[in-house]
Amino acid sequence: MFDFHLHSKVSFDSVCEPKDIVIAAERAGIKELCFTDHYDFNDDPTKQHDIFSLADYSAAYDALSSESVKIRRGVELGLTPWNHAEAEALLASRDFDFIIGSVHFAGGTDPYYPEYWQGKSAEEAFEKYLLQTLECVKTHKSYDVLGHLNYVCKSAHNPTHAPLCYGDYREICDGIMKAVAESGKGMEINTSGVDRVGDFLPSRDFIKRFRELGGEIITVGSDSHDGSRVGQYIDGALEIAKDIFGYVCTFEGRKPIYHKL
């Protein structure tokens, strides 16, 4: 079992010690994990960016080990239309195993917060986020896998309290997934939406369509920010990967490793 989306105290939004994540992974039967702490940029360059210190990152992970869990070191890079040079600078600063490219901002606001939803219908909010994602994946190359494609629907302030439906935004979603596939990048099945909106992020129909559009790389991750969610619902995500791809990927040195399921 694998979990390739995990956060510790290196991320601005976690206080969990890295060793506690590893202990939780050992207990959950995880064989390989990757720490992917937030290195996030607001799409408004004048606003606050939530990035970590490389010194803190190295201190947290370089000496971390486990007898039963293979530990990889990555980052969740916040993609915006303007931060290409900043992304390249980060990736040149040290060797990472894996880069999740995620979109957390549209119009200067994160959908996690209520401000994003003010003055918008759910449809407008979803479309704004998806169009931002489309712009980012068309131009960014500094990532390996697109994280939680429909992150926008996970917010507690999503008035539908339901997953984003692929059929309602087919053209935009196809554009996103086609751009990802044609760039040789992958998609993530993120399990953090299961107990929030009742489905994976994104759901099976997205993953099936990604495969149809030529996608070849698929990973799974819990998006845990503490020990309690490590490995959560990963079995279900692996079943989707097995049914559609027949394998799941992990990464070492930015190169995919294919594990038959």
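Residues numbered from 1 in each chain as written. Predicted model: local features only at pLDDT ≥ 70, side-chain atom pairs only at ≥ 80, totals over all residues. Heavy atoms only, no water.

(A) Highlighting unusual backbone geometry. Across the junction of L201 and P202, the peptide omega takes the value 0 degrees, indicating a cis bond. With respect to the element layout, P202 can be found in the loop between helix 6 (194-197) and helix 7 (204-212). (Helix = DSSP H or I, 4+ residues; strand = E, 2+ residues; numbered from the N terminus.)

(B) Broad picture of the packing of aromatic side chains. Scanning all chains against the criterion turns up 18 aromatic pairs. Centre to centre, the rings of Y39 and F52 are 4.9 Å apart; their planes meet at 70 degrees, and the pair counts as edge-to-face. With Y39 in strand 2 (residues 32-39) and F52 in the loop between strand 2 and helix 2 (54-61), this pair connects stretches of sequence that are 13 residues apart. Take Y39 and F52: they sit in the same class, and that class is buried. Measuring from ring centre to ring centre gives 6.0 Å for W117 and F126, while their planes differ by 85 degrees; the resulting arrangement is edge-to-face. Each member of the pair, W117 together with F126, is buried. Directly above the ring of Y116 sits K120, whose terminal nitrogen or CZ lies 4.4 Å from the centroid. (Phe/Tyr/Trp six-rings, centres within 6.5 Å; stacked < 30°, edge-to-face > 60°. Buried < 20%, exposed > 50% of the residue type's maximum accessible area, 1.4 Å probe, protein only. Lys NZ or Arg CZ within 6 Å of the ring centre and 35° of its normal.)

(C) Highlighting the packing of helix 4 (residues 122-139) against helix 5 (residues 170-182). It is the contact of helix 4 with helix 5, at a shortest axis distance of 9 Å, that shows an interaxial angle of 25 degrees. Regarding the angle of helix 4 to helix 5, the classification is roughly parallel. The handedness of the crossing between helix 4 and helix 5 is left-handed. Contact with helix 4, carried on its side by E127, L130, L131, T133, L134, V137 and K138, involves I172, C173, G175, I176, A179 and V180 of helix 5 and no other residues of that element. (Axes fitted to C-alpha atoms, helices over the stretch in contact; angles between N-to-C directions. Parallel < 35°, antiparallel > 145°, perpendicular 65-115°, else oblique. Left-handed = near helix turned anticlockwise from the far one by under 90°. Contact = heavy atoms within 4.5 Å.)

(D) Structural detail: the nonpolar core. Ranked by internal contacts, the top residues of the largest apolar core, which has 83 residues, are F35, L130, I176, M187 and I189. Excluding anything up to four places from it in sequence, L130 contacts L149, L164, Y169, I172, C173 and I176. (Core = buried A, V, L, I, M, F, W, Y, C linked by side-chain atoms within 4.5 Å.)

(E) Spatial organisation of the sheet that holds strand 3 (residues 70-78). Pairing is parallel across the open sheet formed by 7 strands, whose spatial order is 1-2-3-4-5-6-7. Strand pairing shows two members of the sheet lacking a second neighbour, strand 1 (2-6) and strand 7 (218-221), which therefore form its edges. Inspection of the sheet shows strand 2 paired to strand 3 by 8 bridges, in the parallel sense. Bridge pairing links T36 to G74 in strand 3. Seen against the sheet, helix 2 touches strand 2 and strand 3 and runs at an angle of roughly 160 degrees to strand 2. (Pairing = 2+ DSSP bridges.)

(F) Looking closely at the pairing of strand 9 (residues 255-260). Here 6 bridges tie strand 8 (residues 247-252) to strand 9, and the two strands are oriented antiparallel to one another. Directly across from Y247, in strand 9, lies its bridge partner K260. Connecting strand 8 to the antiparallel partner strand 9 that follows it, the hairpin turn spans 2 residues, and G253 within it adopts a positive phi of roughly 55 degrees.

(G) Fine view of helix 3 (residues 84-93). For helix 3, every residue scored as buried is listed here: A87, L90 and L91. Angular distribution of buried residues about the axis of helix 3 spans 95 degrees; they occupy a single face of the element. Opposite its buried face, helix 3 presents the exposed residues A85 and A92, each directed more than 90 degrees away. As for helix 3, its buried residues are in contact with strand 2, helix 2, strand 3 and strand 4 (98-102). (Arc of directions from axis to C-beta.)

(H) Local environment of the side chain of H140. With respect to the helices and strands, H140 occurs in the loop between helix 4 and strand 5 (145-146). Of the residues examined, H140 reaches a relative accessible area of 1% and is grouped as buried. Polar contacts involving the side chain of H140 include one to the side chain of N83, which spans 2.9 Å. The contacts of H140, once residues within four sequence positions are left out, are L79, T80, N83, H84 and A87. (Polar contact = N/O pair within 3.5 Å; in protein donor to acceptor, adjacent residues only side chain to side chain.)

(I) Examining the environment of R209 more closely. Note that R209 resides in helix 7. Through-space distance from the C-alpha of R209 to that of P111 is 25 Å; in sequence the pair is 98 residues apart. Apart from the residues lying within four places of it in its own chain, the contact partners of R209 are Y166, D174 and M177. Among the polar contacts made by the side chain of R209, one reaches the side chain of Y166 at a distance of 3.3 Å.

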